[in-house]
Amino acid sequence: MTTDVAVIGGGVSGLATAYDLHCRGHKVTVLERQAHAGGSAFSERLDGFLMEHGPSTMNAHVPVAGQISSELDLDSLRCELGAGVRNRYLVSRGKLAAIPMGPLGLLTAGYLSPVAKLRILADLLLPQRSDGEDETVMDFCSRRFGKEFAERVIDPMIAGIYGGRASELSVAAIFPKLVALEEKYGSVSLGAMHRRREGGKMPGSRLFSWRDGIATLPRTLAYRLGDKIRRGVAVRRISPCHNGFNIDLGNRGRLHAKSVVVATQAHVAARLIGEIDPRAAAAAGRIHAPPLAVVFLGFPRRNVAHPLDGLGFLTSEAEHRNVLGAQFSSTMFPGRAPDGQVAVSAYIGGARAPHLARLAAPELIRLVRSEFKDLLGAEGEPTIARVRHWPVGLPQYEPGHREIIGDLGTAGDRVEGLFLTGNYFAGPSVAVCLNTARKTALAAHGYLERARGLQTRQAASR
Ligand SMILES: Cc1cc2nc3c(=O)[nH]c(=O)nc-3n(C[C@H](O)[C@H](O)[C@H](O)COP(=O)(O)OP(=O)(O)OC[C@H]3O[C@@H](n4cnc5c(N)ncnc54)[C@H](O)[C@@H]3O)c2cc1C
């Protein structure tokens, strides 16, 4: 069999790349190891509840998120955050502290000490660092805004988004805009004010989903791609051949492709491209992705004392909790729990406590029930309790990540027709993966067009 582009991996990144190339008229084949497409974007209806096994929100601040919803005719199924989302919560000395939504929420809430609030303002006056060295998020935020803010606000946020530790991740890879503001204006806050005055946007998030959950997106992309997706096919090896690549599909045969997009997790990419681009393979192999577990619990509303009037809560490492955080799923979006019930999802493990993510389901449920009893006043047996283990969780953008991406991004210069895409390039959120996928599709399209032009010219000269 032969195809123009083989896309290896049918998660959001692979499906979005394939769909874009398909719309541009290329013959595309998606090869997905599992029986269903979508990768970590998987939503499941369970007795009137809706469990998100992986992502639960789309960030509308990334324009492609809203664009793709419209392009795929999904706007009528779209749901915005519920009116009940009034706060974010951070755990403080064993209790939930409410931080009102909005930019000044942290300054008006009593979560940070008065000294810490004043220290945030010192960013306006402090000299800039000029050695250009990559710093950790913790070092950068402590230096600019103070240690208390970094430890009690930024670290929980990093745990919530990356399953990571602020003291281990690269600020240049995660918050390049903040680094650029310090470089240009000497202060992040001053730079943000300038940017706002010039009409520029600062990074932020406005969250949405669809009625049947995030998997609506990969399900629709897969439906549009139809028989161009081959499910239950694990790629074993990619080797170069005349006019493209041979792709070894084990007992499912072989596929010849003019071009290949590797859209798997980084550690799989490292294995698959080892023979054709050892440099990129070594770079991908350096990306860690510690395990994560999701524990989804439903309770009768009357059995939970907390009003659950927010997005959920996050914990800082200093609090020594077993969960990184939790989402109040049934407050965030409609249809996540039957009438009279609530649904809360807890996230466990990541770089902070990888061993916890490997615990068996009954132990994880026991652990989360105890945390929810303590923090939310959730009493009695849950109506529903489900666990999803992710042995390979989210990619950690550690110091040196920019160099890794440098080596990965130039794979196509060393091996014509080879492209890589996924959540380890520009950010792990689904919306950013879509953005990265669009760029990958454009690059692959350019390559295929050039190759087609060359073939036509060669045929004409014969
Ligand atoms: C618990 C959790 C919560 C999250 N929450 C959010 C959130 O709320 N909002 C948000 O925006 N993002 C969130 N994310 C991040 C986001 O879900 C992921 O970064 C994104 O979905 C990654 O998509 P992907 O296609 O790049 O990778 P994946 O989804 O990992 O897809 C890779 C695909 O490659 C396939 N594959 C692997 N090996 C092979 C092979 N040899 N041959 C063929 N196929 C192969 C896999 O089966 C898989 O389908 C969360 C992630 C997790 C795990």
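Residues numbered from 1 in each chain as written. Predicted model: local features only at pLDDT ≥ 70, side-chain atom pairs only at ≥ 80, totals over all residues. Heavy atoms only, no water.

**Quick look at the site of the ligand**
Step number 1: Neighbouring residues of the ligand: 32 residues in total, closest Ser-13, Glu-32, Ser-40, Pro-428 and Val-430.
Step number 2: Ser-40 places a main-chain nitrogen or oxygen 2.9 Å from an oxygen atom of the ligand.
Step number 3: When the ligand is considered free in solution it has 1000 Å² of accessible area, and contact with the protein chains removes 92% of it.
Step number 4: Of all the secondary-structure elements, those providing two or more residues to the shell around the ligand are helix 1 (12–23) and strand 2 (28–32). (Near = heavy atom within 4 Å. Polar contact = N/O pair within 3.5 Å; in protein donor to acceptor, adjacent residues only side chain to side chain. Areas by Shrake-Rupley, 256 points an atom, 1.4 Å probe, with all protein chains shown as cover. Helix = DSSP H or I, 4+ residues; strand = E, 2+ residues; numbered from the N terminus.)

**Thoughts on the domain arrangement of the protein chain**
Step number 1: Structurally, the protein chain comprises domain 1 (2–40 + 213–288 + 396–461), domain 2 (43–63 + 71–84 + 290–387) and domain 3 (100–197).
Step number 2: Here domain 2 and domain 3 have C-alpha centroids that lie 27 Å from each other.
Step number 3: Contact residues are listed per partner, giving 9 residues for domain 2 and 12 residues for domain 3.
Step number 4: When the area that domain 2 buries against domain 3 is broken down by residue, the three leading residues are Leu-314, Glu-317 and Ala-351, summing to 45%. (Domains from an automatic or database assignment. Contact = heavy atoms within 4.5 Å. Buried area = accessible area lost by both parts, 1.4 Å probe.)

**Here's the deal with a nonpolar patch on the surface**
Step number 1: A contiguous nonpolar surface patch, about 580 Å² in accessible area, is contributed by Leu-118, Leu-121, Leu-124, Leu-125, Leu-190 and Met-193.
Step number 2: Only helix 4 (114–121) and helix 9 (188–197) provide two or more residues apiece to the nonpolar patch.
Step number 3: You can see Met-193 is positioned in helix 9. (Patch = residues over 30% accessible without salt bridge, like charges linked within 9 Å, V, L, I, M, F, W, Y side chains within 5 Å. Salt bridge = Lys/Arg side-chain N within 4 Å of Asp/Glu carboxyl O.)

**Structural notes on the side chain of Glu-371**
Step number 1: Mapped onto the secondary structure, Glu-371 falls in helix 15 (residues 361–376).
Step number 2: Among the polar contacts made by the side chain of Glu-371, one reaches the side chain of Arg-321 at a distance of 2.7 Å.
Step number 3: If near-sequence neighbours (up to four positions away) are discounted, Glu-371 is found in contact with Arg-321, Asn-322, Val-323 and Leu-376.

**Things to note about unusual backbone geometry**
Step number 1: Backbone geometry places Arg-93, a non-glycine residue, at a positive phi of 50 degrees.
Step number 2: Tracing the chain through its elements places Arg-93 in the loop between strand 7 (87–92) and strand 8 (95–100).

**Points about helix 10 (residues 216–225)**
Step number 1: With 7 of its 10 residues buried, helix 10 lies for the most part within the structure.
Step number 2: The complete set of buried residues in helix 10 reads Thr-216, Leu-217, Pro-218, Thr-220, Leu-221, Ala-222 and Leu-225.
Step number 3: Immediately beyond the C-terminal end of helix 10, within one or two residues, lies Gly-226, with a positive phi of roughly 55 degrees. (Buried < 20%, exposed > 50% of the residue type's maximum accessible area, 1.4 Å probe, protein only.)

**Here's the deal with the pattern of salt bridges**
Step number 1: Summed over all chains, the structure comprises 26 salt bridges.
Step number 2: Where Glu-275 meets Arg-237, a salt bridge forms, and the shortest distance between an N and an O atom there is 2.9 Å. On the criterion of sequence distance, the pair formed by Glu-275 in the loop between helix 11 (266–272) and helix 12 (278–285) and Arg-237 in strand 11 (residues 237–241) is long-range, its members being 38 residues apart.
Step number 3: When salt bridges with common partners are traced through the structure, they connect Asp-123, Arg-129, Glu-135, Arg-143, Arg-144 and Glu-182 into a single cluster.

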